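What follows is each chain in one-letter form.
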Amino acid sequence: MAAVLVYVTSADGVVDEVALQALALAGQLAGEGAVHALVIGDEAAAASLGPWGAAQVHLARHEALGSTAPDAAARILDDLAGRLGVGAVIGPGTDLGNTVIARAAARAGLPFAANCTSATPGHPMTVTRLRWGGSLLEEAAIHADRAMLTVAPHSVAARQTGGAAPVEAFTPELDAADLVVRAVERIPAARGGVSLADARVVVSGGRGVGSQAGFAPIEELAGLLGAAVGCSRAVTISGWRPHTDQVGQTGTKIAPELYIACGISGATQHLAGCKGAKKILAINKDPEAPIMSAADFVVIGDLHEVVPAISAEIRRVRGA
Amino acid sequence: MDSGTLASGVLFLAVWLVFVGLFARRMIYLGRLVRHGRETARLDDVPVRLGREVTRVLGQSKLFLRPVPGVMHLLIFWGFLVLLPTILMSWLGAVSPRWTIPWLSEQGWFALMADLFALGVLAGVAIAFAIRLGQRPVRFVGSRLQQAYNILLFEAAISITLFVWHGSRVALGLNEYPAAWSPISTALAGLLPAAPATEVIERASVWIHALLILAFLLYIPYTKHLHTLVVAFNVFFERTRGRGRLEPLRFDDPDVPEDQIRFGMGTIQEMTWKQMVDGMTCTECGRCQDACPAFFTGKNLSPKLVIMGLRDQLYREGHKMLAAAAGHGTFEGTPLVPTAVADETVWDCVTCGACVRECPVGIEHIDHIVDLRRNLVMVQSRLPATGAAMLRDLERTSNPWGNSPTARVDWTAGLDIRVLEPGDAPPEVLFWVGCAPAFDERARIGAISTARLLKEAGVDFAILGPRESCTGDPARRMGDEYTFQALAKQNVETLGEAGVTRIVTTCPHCFNTLGNEYPDFGGRYEVVHHTQLLAELVREGRLSPAAGSESITYHDSCYLARHNDVRSEPRELVAAVGRPIEMARREERTFCCGAGGGHMWLEERAGQINEERARQATATGAQTLAVACPFCTVMLDDGMRSTGGGLAVKDVATLLVEAVERGREHPADSLARVP
Amino acid sequence: MKVLVCIKSVPAVAGRITLTADARAVDTRHLGFTIGPHEECAVEQAVRLVEEHGGEAVVLTLGPAPALEQLRDAMALGIARAIHLVTDGEDWDSQSTVEAIVEAVRADEAASGRFDLVLLGNEAADSGGYQTAVRLGRSLGRPTVTGIKGLTLVDGVVRCEQEVPGGRDVYALPLPAVVAVLEGLNVPRFPSVPGRLRAKSKPVAVSTPTRPAQRLELLRLAVPEGRSKQAVVLGRGPDAAPAVVAVLNDLGVL
């Protein structure tokens, strides 16, 4: 396999976890070939990549890249990939990663496989990628000289290989056309509380909660655990909670330590959003509900009785 | 004719023409409104309809559901019927003391009847006042009481002036028959002063009597007393059979221009003539309100107030509507919801039919409420969010919970039930499972029990499995007629291709829709409820239950017992398996479990209907609550748990399985017990 | 204002997905069809834009004949007409799809003017490719932004909001532009029945593009194995609370 180029995203010096996973996938694919990494603007992040499998880090610096500009990133990536003559470009399967790789693929007229869980070199390269948010797997062949792919979050483990990687800074060529699509303003988040995407623990309610007021015991439990409150699509469609609380294929995809699903049946699109959780506890009246077979722990019962009982037990244990 | 008579005659005729003219004008207006109403088909079963005129109108049968008011009304109703000729007599008599109806006025028996029935009217009025002022029933809350008092006062005054007039005629010797024939009038005559005062009294009383009658006549079409003139009409056109059948809307009639398609009731423009007459017939008696489970548990819905509200809006805007139809001006009806009926009120209804059952004058409240819902849902998309979510799931996945259709066979694991595949020969009877038993863990127990019993009895049956779609009942009751018809057509096609002719189902809603409503879409099948089929099997000895000692109270499902008259077969089964104890509200007066009208999927506000029914069951002291419906199973089980009732809630089929097992262990005890 | 919204008809999978015998497609024998939640919001947005700014909205799909139902559903909400690029139901990769869409767009624009805005869902519910909007924008030479949850049109510029950690980024693109939206952008309305009836007679322009060789070629599908471990039943009802708290403690989240 020829060299592989990885698009590494980061924020304020911290490399995105999924980008590290992309590097790991690149390592698997590259075999004998070298793994290159592209970092845009973030010098501290670029410096920290060595141990994670990058042989060479390319740091692009340009005055116009202060805010997110995905077309510019795509151009830089495409130009670099061409210069290095890589056989594959891999990005993280995040919102940013997917859009940048897609743009780079569009520029170069190449196919793009998003959210891959594995890749096998060959002519053509074959990948396994996610459909239906992860409820279905697709085996696909990429008919191109340069494969463009993103790695599905948390499907490949990031690996520390040790070693250092030299960082080569460069100033990429950019036109005004590349900078038309650029973030021009940042509206800071108003909400306090625990962010759904980042929370260690998420307590979620579904149709079984029954009403907006019915969420009170769930919020109580979440408060006791310092957890975020989530919900299923049935809840947002009923208007009981805002869409920002929705966990699912078209809501927020989460990967907490623990996901507590109360009164959620476990429709495909919901599981797509929470399957990243390390452990799932399901509380449901129906032992046959789909979520029960996706869970690690199960309580069969009415959430309106079980959840307050858990809260009470937590208080008792802590009080003691 | 002497000049006095002529003068009287001319004066009376003038007065009479004024009153009768105003009366006629009002009646013509009401008639025009009804003729302007949208159409509805009601001419089947004429013999039954005529029979009802006898039993319900003349016989006042429904009024006797409450005995004392029944007696009260019978006295007044029959009083006025018998006294009708005296109206003409008094009008003639106002012109001249010698003018009267030939022959009849000479019949002593008629004079006797007049006396007795006029007294009856007074007695009835007295009872009515006693009820209203003494007992003050709750069902009158919201009714216009002053109108009722006025009507009663009119009736009393008419009766009293009739007595005074007859009495004075007796005193003056003007009657052509022996005074003994009219004992009350004669007795009254004894109290009157001698002539000439009595002559004055005679003239005065007949004129007052006649004027009261004319005034009352005019009062009638402006008040709820209009029912006297329209009730025979309304009762005639009430549904005779298929009470659970709602009338379909037609969306695809090529002869109807798009803006004329009826999507339910949005304004008075879309009222059917029957709905208009329903409003005109309402006596504000409140029996419907008393029977309504939603009202009972503290919700806004009062069926009486719904009908009154719609009627009042019709009267308020009717003139403008007719004027526009005649080409004078335009008319934009005010939306009935929320002006006449609040949104919440429309959604409170569980379509249990208790109101329709109680109504003595043939009002069909469910039609009104569903038609209001049809407009809200299909035209305005204005409905509770949970209901909307259910309708969308129904449309996409053919079941109201959004589950995968292939999961419809999951409940059959381990039961070895035949799933009918395309091209298979049809079974003797198709077991229509329904969505609740397929997808709900408590509701499916009844289906499992039924399947086991059918197998035990050797019945040749099969299920459709993933090819079964929801019958559409929840969509139709919620007003989404469009989705209902799409599901109905789909099911009719599937059943037709499969060659199905006989269907058994555990769900009364499926039973009602498949049997009563699918014929409108070309689907004609013999549909039986599982209790009917199981009772038949027990009678034939194909199932041998052994009765236990468990005390069991049976809950009649609305869609079985009230809408479809299935009451005895479940009781046969309960009697065959245990000791039955009845609740007070049972059979046709059963109290809903609260799931109907789409309420399984709507958030419950205020008090809980299912908890109330659970309490009623607990009060019998029975150990077990037997049900025959998957929705009742879930609702009443929830109700038992939240009220701490303690009764086990089981489908009749499950109880039968237990009894059959008992029968196997103790063959000597297993005699099919048919009461 | 002329707006195009592109949708994809997908099976309404509920709890489980079963495959055809050759494992190359989802078994849709008992399934209804729908469009993804992102696309519902895109359709709603198109209708709102036309309500606010006047003009015309057009809905387009590349899909088999039954996908017409999804076009009618969109038209029932207020979209004036549809373009149906009919296929035989085989999977089309994004590049092939975009080529066909571009041809249809160019033809329509030549006939009745330029689309100010093309709206799409961020990714299709089934294939989840995350690239159709971007490719379309590139081929048409129009600025494209993805992952949008807020959209307003002011003076020939479309202002789009994208959620990022810590808040929202705002992009301001000159028209004509291409925008891929996420569920949460708006709350889609329900179709009224009069709307559905009217939609039955709204015009649908049909063409049958030829499927080119696939560059991202679907070989086969597979249902992922469930979590191989059996769930541990901690108990029934409120009595399970102590067992639950013990697990919380073990997981270190207490």
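Residues numbered from 1 in each chain as written. Chains lettered and ligands numbered in written order. Predicted model: local features only at pLDDT ≥ 70, side-chain atom pairs only at ≥ 80, totals over all residues. Heavy atoms only, no water.

Caption draft 1: Inspection of the overall build of chain C at higher detail. Assigned secondary structure in chain C consists of 6 helices and 13 strands. Counting only C-alpha atoms, chain C reaches 70 × 45 × 40 Å along its principal axes. Relative to its 254 residues, chain C shows a buried fraction of 57%. In chain C, 69% of the contacts between residues at least 6 apart in sequence involve partners at least 24 apart. Here chain C holds 27 positive side-chain charges and 30 negative ones, and the gap between their average locations is 2 Å. (Helix = DSSP H or I, 4+ residues; strand = E, 2+ residues; numbered from the N terminus. Buried < 20%, exposed > 50% of the residue type's maximum accessible area, 1.4 Å probe, protein only. Contact = heavy atoms within 4.5 Å. Lys, Arg positive; Asp, Glu negative; His and termini not counted. Charge placed at Lys NZ, Arg CZ, Asp CG, Glu CD.)

Caption draft 2: Just the interface of chain C and chain A, in detail. The interface of chain C with chain A comprises 79 residues on the first partner and 79 residues on the second. Taken together, the links from chain C to chain A amount to 6 salt bridges. The element contributing the most residues to the side of chain C that touches chain A is strand β9 (residues 167–174) of chain C, with 8 residues. Grouping the constituent residues of the side of chain C that touches chain A by class yields 42 nonpolar, 17 polar and 20 charged. (Salt bridge = Lys/Arg side-chain N within 4 Å of Asp/Glu carboxyl O. Nonpolar A, V, L, I, M, F, W, Y, C, P; charged D, E, K, R; others polar.)

Caption draft 3: Structural view of the packing of helix α9 (residues 273–281) of chain B against helix α12 (residues 303–325) of chain B. All names here are of chain B. Taken N-terminus to C-terminus, the directions of α9 and α12 make an angle of 115°; their axes are 9 Å apart at the nearest point. By the angle class used here, α9 and α12 are roughly perpendicular. Read as a crossing pair, α9 and α12 show a hand that is left-handed. Here α9 contributes Met276, Asp278, Gly279 and Met280 to the contact with α12, which in turn contributes Ile307, Arg311, Leu314, Tyr315 and Met321. The residue makeup of the contact of α9 with α12, split by class, is 6 nonpolar, 1 polar and 2 charged. (Axes fitted to C-alpha atoms, helices over the stretch in contact; angles between N-to-C directions. Parallel < 35°, antiparallel > 145°, perpendicular 65-115°, else oblique. Left-handed = near helix turned anticlockwise from the far one by under 90°.)

Caption draft 4: Looking closely at the packing of helix α23 (residues 530–539) of chain B against helix α25 (residues 568–577) of chain B. Residue and element names in this part refer to chain B. α25 packs onto α23 with a crossing angle of 50° between their chain directions and a minimal axis gap of 8 Å. The orientation of α23 with respect to α25, classified from their angle, is oblique. As α23 packs across α25, the resulting crossing turns out to be left-handed. Mapping the contact onto sequence places Thr531, Gln532, Leu534, Ala535, Val538 and Arg539 in α23 and Glu569, Pro570, Glu572 and Leu573 in α25. Counted by class, the contact of α23 with α25 contains 5 nonpolar, 2 polar and 3 charged residues.

Caption draft 5: Spatial organisation of the interface of chain A and chain B. Of the residues lining the interface, 11 residues belong to chain A; the matching set on chain B comes to 12 residues. Summed over both sides, the interface of chain A with chain B buries roughly 840 Å², with 45% coming from carbon and sulfur. Here chain A is connected to chain B by 1 salt bridge. For aspartate 393 of chain B, the salt bridge goes to arginine 207 of chain A, with nearest N and O atoms at 3.2 Å. Along the contact surface separating chain A from chain B lie 1 residue pair in polar contact (both at pLDDT 80 or more). Residues of the side of chain A that touches chain B, tallied by class, amount to 3 nonpolar, 4 polar and 4 charged. (Buried area = accessible area lost by both parts, 1.4 Å probe. Polar contact = N/O pair within 3.5 Å; in protein donor to acceptor, adjacent residues only side chain to side chain.)

Caption draft 6: Main features of the pattern of salt bridges. All names here are of chain B. Applying the stated criterion across every chain, the model contains 92 salt bridges over all chains. The salt bridge partner of aspartate 556 is arginine 571, with a shortest N-O separation of 2.7 Å. Remark: arginine 571 occurs in helix α25 and aspartate 556 occurs in the loop between β5 (551–554) and α24 (558–562); sequence separation between them is 15 residues. Of the two residues examined, aspartate 556 and arginine 571, each falls in the buried class.

Caption draft 7: Broad picture of a nonpolar patch on the surface. Residues and elements named next belong to chain B. On the surface, a nonpolar cluster with roughly 410 Å² of combined accessible area is contributed by Val54, Leu58, Trp78, Leu81 and Leu84. Where the nonpolar patch is concerned, the elements lending two or more residues are α2 (46–58) and α3 (67–95). When residues in the nonpolar patch are grouped by element, the largest group, 3 residues, is from α3. Tracing the sequence through the fold places leucine 84 in helix α3. Classification of leucine 84 by relative accessible area gives partly exposed; the value is 47%. (Patch = residues over 30% accessible without salt bridge, like charges linked within 9 Å, V, L, I, M, F, W, Y side chains within 5 Å. Areas by Shrake-Rupley, 256 points an atom, 1.4 Å probe, with all protein chains shown as cover.)

Caption draft 8: Representation of the sheet that holds strand β1 (residues 429–432) of chain B. Residues and elements named next belong to chain B. The parallel open sheet is built from 4 strands, whose spatial order is β2-β1-β3-β4. On the outer flanks of this sheet lie β2 (461–462) and β4 (526–529), each paired with one strand and no other. Here 4 bridges tie strand β3 (residues 502–505) to β4, and the two strands are oriented parallel to one another. When the sheet's bridge partners are listed, arginine 502 is paired in β4 with glutamate 526. (Pairing = 2+ DSSP bridges.)

Caption draft 9: Expanded view of the state of the cysteines. Residues and elements named next belong to chain B. Scanning the model with the defined rule gives 0 disulfides over all chains in all. Not engaged in a disulfide, the cysteine cysteine 352 finds its nearest cysteine sulfur in cysteine 558; these two sulfurs lie 4.7 Å apart. Considering cysteine sulfurs only, cysteine 352 is the nearest to cysteine 355, which forms no disulfide, with 6.2 Å between them. Taking the relative accessible area as the measure of exposure, cysteine 355 reaches 10% and is therefore buried. (Disulfide = S-S within 2.5 Å.)

Caption draft 10: Region of interest: the packing of aromatic side chains. All names here are of chain B. Scanning all chains against the criterion turns up 22 aromatic pairs over all chains. For the pair phenylalanine 251 and phenylalanine 263, a centre-to-centre distance of 5.8 Å together with 20° between the ring planes defines the contact as stacked. Note that phenylalanine 251 is positioned in the loop between α8 (227–236) and α9 and phenylalanine 263 in the loop between α8 and α9, a separation of 12 residues in sequence. Look at phenylalanine 263 and you get buried, because its relative accessible area is 10%. With 5.8 Å between their ring centres and 75° between their planes, phenylalanine 484 and phenylalanine 521 make a pair best called edge-to-face. Of this pair, phenylalanine 484 sits in helix α21 (residues 481–498) while phenylalanine 521 sits in the loop between α22 (508–517) and β4, and the two are 37 residues apart along the sequence. The exposure class assigned to phenylalanine 521 is buried, which follows from its relative accessible area of 17%. Here the basic side chain of arginine 26 rests over the ring of tyrosine 222, its NZ or CZ set 4.2 Å away from the ring centre. For the cation-ring pair, arginine 26 lies above tyrosine 315, with the distance from its terminal atom to the ring centre recorded as 4.9 Å. (Phe/Tyr/Trp six-rings, centres within 6.5 Å; stacked < 30°, edge-to-face > 60°. Lys NZ or Arg CZ within 6 Å of the ring centre and 35° of its normal.)

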